[in-house]
Amino acid sequence: MAKILVVDDTPANRVLVEKLLKMAGHTVVVAETGLGAVAAANEQHPDLVLLDLGLPDIDGWEALRQIRASPETGTLRVVAFTAHAMVGDKEKAMAAGFDGYMSKPIDVGTFAQTVGGFLS
Amino acid sequence: MARIPVPIRTKLAALLGLLVALLLIVGLVGITLLRDANARADHLTELQRKTAAYRDLRQSTSDQLSAVASALTSPSAGQLDTAARQLNLARFDAERLEFVAADERELVELVRQAHAEFIGGLQAVLDLARAGRSDDARARYGTTARPLADRLDRRTNQLVHKAAAETLDAVEASRVASERSQAAIIGFAIGSVLVALVLGAALSLSIISPVRAMDRRLAEIAAGDFARHVSVVNRDELGALAAHLNEMNDELGRLYGEVEAANRNKTAFLASVSHELRTPMNAILGFTEALLAGIDGPLNDEQKASLGWVQRGGKDLLDLINEVLDLSKIEAGKIVIAPEPFDPRELLETVIAQHRSLATGKGVRLSWREEGMPEQVVLDRGRTRQVLVNLVGNALKFTEQGEVEVIGSGGSDDDLCIEVRDTGSGIPAEQFDAIFEEFRQIEGTVGGTGLGLPISRRLARLMGGDVTVRSTIGSGSTFRVDLPRDIRGAAASRAVVAPATGGERLLLAVDDDPSVGPLLEKMLSERAYRVAAPLPANAVAEARRLRPNVITLDIIMPGRGGQDILRDLRSDPVTRDIPVITLSVVDAADAPTDANAHLMKPLKKKDLLRTLDDLDRERVGAGNR
């Protein structure tokens, strides 16, 4: 299946997402910080990045900018993954260059399917 | 008058005293003038009487003269006796003369002498005639009686002329005096009326204008404006009243500020706590569901049942947290109402289906029907659904047997009206208000946050409707939702707009009058401005989202007014620096002072453009510093 980079600073979320993705047969790489995400993206060349927007060092917006700035990772599929679901956030994320948008909390039953949609 | 430091009662008494005094003076002047007129009339009568007496004297003189003359032409005893009787009557004439003309002593004395001599002369003539000396008598008549008569006549004439002259003088004087009295009385009356009017007006102004000012101020205080003091210069009871009013205003303002701050803190606290609680809840629920789905391997039935309890408890807790978060969002004005067209039948069916299993489990019949419900409405579907879910859920919760029936109709104004009727225990009438307050429930009833009804009512009101209740103890309650059929109508250009980009600038028009947005758009047609006009309830949220270049803000609006919205805008770091132009029928003096500019309605294009230019210059100036 696919290799997916999961970026989230909340351990519970990270572990849950990791388990669900593994159960669906994917390979999972994790990062806990924005800079960690940029580095992992460079080294691992994942098929998909699930990027939390609120991160401790550089936020998701800046991490995306750096990923897009590098020729190595510029074309990666990056999906915004956030708990702050506000009206207009999705539009903002798409305008900033994300390939998709997922809001937390995740729906366990449909999560794998939703991620599959971003991969195809 | 207002600044005189005496009680109003004294002022009123003084004014009344003055009026009485003026009346008395007018009366006294009138009486005096009447008395003068009376005296003049008496004087005239006197003069007339004199004139009559003189004339009588002259008449009787000529009668006597002719009686003697005719007695002389054919002297007989009869004739002579008649003439003698005539002469005797002369006494009365003389006495009457003295009586009527007591003030003309000198002239009357002369007349009396002449009269006495004349009568004496005639007596002598008669004596001669009676002695048979007719010729002597005739001669004597010619030589003495006639000249005496002439002299008497001249003197009498003097009296007559004098009296006539006096009469003329008196008539003239009377006329002049009458005119003068008239003028005096009219003048006095007009003067009194003027004095009374001026003083009365001054006094009533000094009472009424401060009362009006205080009344206006009280109305403003009632509307929640504590920013100003009423200024009353009176140094009487009203001045004291105004001073107390101002003290009360300050105290109320202070208390209001404290209450508001406390309420804001509570709302902010609830919002942040709920938000923080949601993250771990998501982990709990997520892992529970994942475990149930077999993420860590298969589970036996008991493990599944136990996890089911964890899941149910977690969901209840999350519902509660979401309700608290919802309420705090509504209170902070951060809920965006997004109208969309939908069929209320389809919504009702969904809501009923969602509660079907709960109803069946309790043995309560759950049904819905419609009576002329609109086929399509334009409302916030999610929020409408939230209200209905709340009401149907509540009805089921409080109904142990019988049925819950939902009836959709067109309401009274052909809007959307949905009634949820249950056969529960009912609600006492004195609780009708309390159940819509936060964290209140009827004492001794089953659990829950008690937030469902307050949230439902607030959501319905945000959409221009309401939730109401009627109930009979023992036979059940009916909750009724009334909603407008189309809330876009209230906001023709209030569709969701994208944030400002590029060189184009965005003006956010916050006004309960839907015509203001299009009007501003028209006025700004030659500038690079777009105009967005959100529902006032969404103003703060929309300002956060759109980050407009400038906001126009109506001050007087139903629900949260411009003052509240401005305060929210200023307390949010995202919207704090957006220039705000207050736009209202109220005077600039009454507008919130922390707005950047104020424009009066009706709005003039010229003023709007100039104000926008001024604001631009200020911002450029601030940027250069």
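We now turn to the structure provided with this report. (Residues numbered from 1 in each chain as written. Chains lettered and ligands numbered in written order. Predicted model: local features only at pLDDT ≥ 70, side-chain atom pairs only at ≥ 80, totals over all residues. Heavy atoms only, no water.)

### Things to note about the overall build of chain A
A count of helical and extended segments in chain A gives 5 helices and 5 strands. For chain A, the sequential pattern of α-helices and β-strands runs β-α-β-α-β-α-β-α-β-α. Per-residue burial for chain A yields a buried fraction of 47% across its 120 residues. Element-wise, carbon and sulfur atoms account for 54% of the exposed surface of chain A, whose accessible area totals about 5500 Å². (Helix = DSSP H or I, 4+ residues; strand = E, 2+ residues; numbered from the N terminus. Buried < 20%, exposed > 50% of the residue type's maximum accessible area, 1.4 Å probe, protein only. Areas by Shrake-Rupley, 256 points an atom, 1.4 Å probe, with all protein chains shown as cover.)

### Focus on the overall build of chain B
Broken down by element type, chain B carries 13 helices and 12 strands. A total of 625 residues make up chain B; the buried ones form 41% of that total. Counting only contacts in chain B whose residues sit at least 6 apart along the sequence, the fraction spanning at least 24 positions is 72%. Here chain B has roughly 33200 Å² of accessible surface; of this, 57% comes from carbon and sulfur atoms. (Contact = heavy atoms within 4.5 Å.)

### Some words on the environment of L57 of chain B
All names here are of chain B. Tracing the backbone shows L57 in helix α1 (residues 8-73). Sequence separation of L57 and A94 is 37 residues, and the distance between their C-alpha atoms is 7.8 Å. Dropping the residues within four chain positions of it, L57 is found in contact with D93, L97, V111, H115 and T156.

### Focus on the sheet that holds strand β4 (residues 78-82) of chain A
Note on sheets: strands pair through backbone hydrogen bonds, and any given pair is parallel or antiparallel. All names here are of chain A. The strand order β2-β1-β3-β4-β5 describes an open sheet built from 5 strands, whose pairing is parallel. Bordering the open sheet on either side are β2 (27-31) and β5 (100-103), each of which pairs with just one other strand. Shown here is a sheet whose adjacent strand axes are inclined to one another by a mean of 20 degrees, direction ignored. Sheet topology note: the strand β1 (residues 3-7)/strand β3 (residues 48-52) ladder contains 4 bridges and is parallel. Directly across from V6, in β3, lies its bridge partner L50. Seen against the sheet, helix α2 (residues 34-44) touches β1, β2 and β3 and runs at an angle of roughly 170 degrees to β1. (Pairing = 2+ DSSP bridges. Axes fitted to C-alpha atoms, helices over the stretch in contact; angles between N-to-C directions.)

### Section: the packing of helix α6 (residues 301-331) of chain B against helix α9 (residues 452-462) of chain B
Residue and element names in this part refer to chain B. Following both chains from N to C, one finds α6 and α9 inclined at 35 degrees, their axes separated by 10 Å at the closest point. α6 and α9 meet at a crossing whose hand is left-handed. Across from E323, D326, L327, I330 and E331 in α6, the residues of α9 making contact are G452, I455, R458, L459 and L462. A class-by-class count of the residues in the contact of α6 with α9 yields 5 nonpolar, 1 polar and 4 charged. (Left-handed = near helix turned anticlockwise from the far one by under 90°. Nonpolar A, V, L, I, M, F, W, Y, C, P; charged D, E, K, R; others polar.)

### Quick notes on α6 of chain B
Taking 1.5 Å per residue, 31 residues should reach 45 Å; α6 of chain B reaches 45 Å between its end C-alpha atoms and fits that length. Of the residues flanking the start of α6 of chain B, the one acting as N-cap is N300 of chain B, its side-chain oxygen 3.2 Å from the backbone nitrogen of E302 of chain B. (Expected span 1.5 Å × (residues − 1). Polar contact = N/O pair within 3.5 Å; in protein donor to acceptor, adjacent residues only side chain to side chain.)

### Brief notes about the interface of chain B and chain A
Many descriptions give the size of an interface as the accessible area lost when the pieces come together. If you look at the interface, chain B gives 12 residues, while chain A gives 13 residues. Taken together, the two surfaces of chain B and chain A that pack against each other cover about 1300 Å², and 71% of this comes from carbon and sulfur. Our count for the chain B to chain A interface comes out at 1 salt bridge. Put simply, K19 of chain A and D296 of chain B hold a salt bridge, and the shortest N to O gap is 2.8 Å. Remark: the boundary between chain B and chain A carries 1 residue pair in polar contact (both at pLDDT 80 or more). Sorting elements by how many residues they give to the side of chain B that touches chain A places helix α5 (residues 237-292) of chain B first, with 7 residues. (Buried area = accessible area lost by both parts, 1.4 Å probe. Salt bridge = Lys/Arg side-chain N within 4 Å of Asp/Glu carboxyl O.)

### So, the pattern of salt bridges
Residue and element names in this part refer to chain B. Applying the stated criterion across every chain yields a total of 40 salt bridges over all chains. D466 is the salt-bridge partner of R461, the closest N and O atoms lying 3.0 Å from each other. The class of D466 is partly exposed, set by a relative accessible area of 22%. Salt-bridge contacts for D572 lead to R544; the nearest nitrogen and oxygen are separated by 2.5 Å. Of this pair, D572 sits in the loop between α12 (562-571) and β11 (580-584) while R544 sits in helix α11 (residues 539-546); the two residues are 28 residues apart in sequence, bridging distant segments of the chain.

### Focus on the pairing of strand β6 (residues 466-472) of chain B
All names here are of chain B. On β6, burial follows the alternation: V467, V469 and S471 on one face are buried, whereas D466, T468, R470 and T472 on the facing-out side are not. As paired elements, β6 and strand β7 (residues 476-483) share 7 bridges and run antiparallel to each other. Residue pairing in the sheet places D466 in a bridge with D482 of β7. Taking the residues between adjacent antiparallel strands as the criterion, β6 and β7 are bridged by 3 residues, where G474 takes a positive phi near 95 degrees.

### As for the pairing of strand β10 (residues 550-554) of chain B
Residue and element names in this part refer to chain B. Within β10, 5 of the 5 residues are buried, leaving the element largely enclosed by the surrounding structure. The alternating pattern of β10 places V550, T552 and D554 and I551 and L553 on opposite faces, both of which are buried. When strand β8 (residues 505-510) meets β10, the two strands line up parallel, connected through 4 bridges. Bridge pairing links A509 to T552 in β10. Direction of pairing for β10 relative to β11: parallel, over a ladder of 4 bridges. Within the sheet, the bridge partner assigned to L553 lies in β11 and is T582.

### Considerations on the sheet that holds strand β5 (residues 416-422) of chain B
Residue and element names in this part refer to chain B. Read across the sheet, 5 strands follow the order β2-β4-β5-β7-β6 without closing on themselves; strand pairing throughout is mixed. In the strand order of this sheet, the two ends are held by β2 (365-371) and β6, each with one partner. Across the sheet, the mean angle from the axis of one strand to that of its neighbour is 15 degrees, orientation sign disregarded. For β2 and strand β4 (residues 403-409), the ladder comprises 7 bridges, and the chain directions are parallel. Its bridge partner lying in β4, E370 is registered against G408. The sheet strands contacting helix α7 (residues 344-362) are β2, β4 and β5, and the helix crosses β2 at an angle near 170 degrees. Here α9 sits on the sheet and contacts β6 and β7; the angle it forms with β6, its principal contact strand, is near 135 degrees.

### Points about the side chain of T575 of chain B
Residue and element names in this part refer to chain B. Along the polypeptide, T575 turns up in the loop between α12 and β11. Taking relative accessible area as the criterion, T575 reaches 0% and is therefore assigned buried. Sequence-distant contacts of T575, defined by excluding residues within four places in its chain, comprise A543, R544, D568 and L569.

### Description of the packing of aromatic side chains
The final tally for this structure, using the stated rule, is 4 aromatic pairs over all chains. Here W61 of chain A and F98 of chain A contribute two aromatic rings whose centre-to-centre distance is 5.8 Å and whose plane-to-plane angle is 75 degrees, an arrangement assigned as edge-to-face. Taken as a pair, W61 of chain A in helix α3 (residues 60-69) and F98 of chain A in the loop between α4 (89-96) and β5 lie far apart in primary sequence, 37 residues in all. Using a relative accessible area of 29% as the deciding quantity, one classes W61 of chain A as partly exposed. Here F226 of chain B and Y256 of chain B contribute two aromatic rings whose centre-to-centre distance is 5.0 Å and whose plane-to-plane angle is 50 degrees, an arrangement assigned as tilted. Here F226 of chain B, found in the loop between α4 (134-222) and α5, pairs with Y256 of chain B, found in helix α5; they are 30 residues apart in sequence, far enough to count as distant. Given the relative accessible area of 36%, Y256 of chain B is considered partly exposed. Directly above the ring of F436 of chain B sits R457 of chain B, whose terminal nitrogen or CZ lies 3.6 Å from the centroid. (Phe/Tyr/Trp six-rings, centres within 6.5 Å; stacked < 30°, edge-to-face > 60°. Lys NZ or Arg CZ within 6 Å of the ring centre and 35° of its normal.)

Without other data, these values stay purely geometric and don't point to any function.
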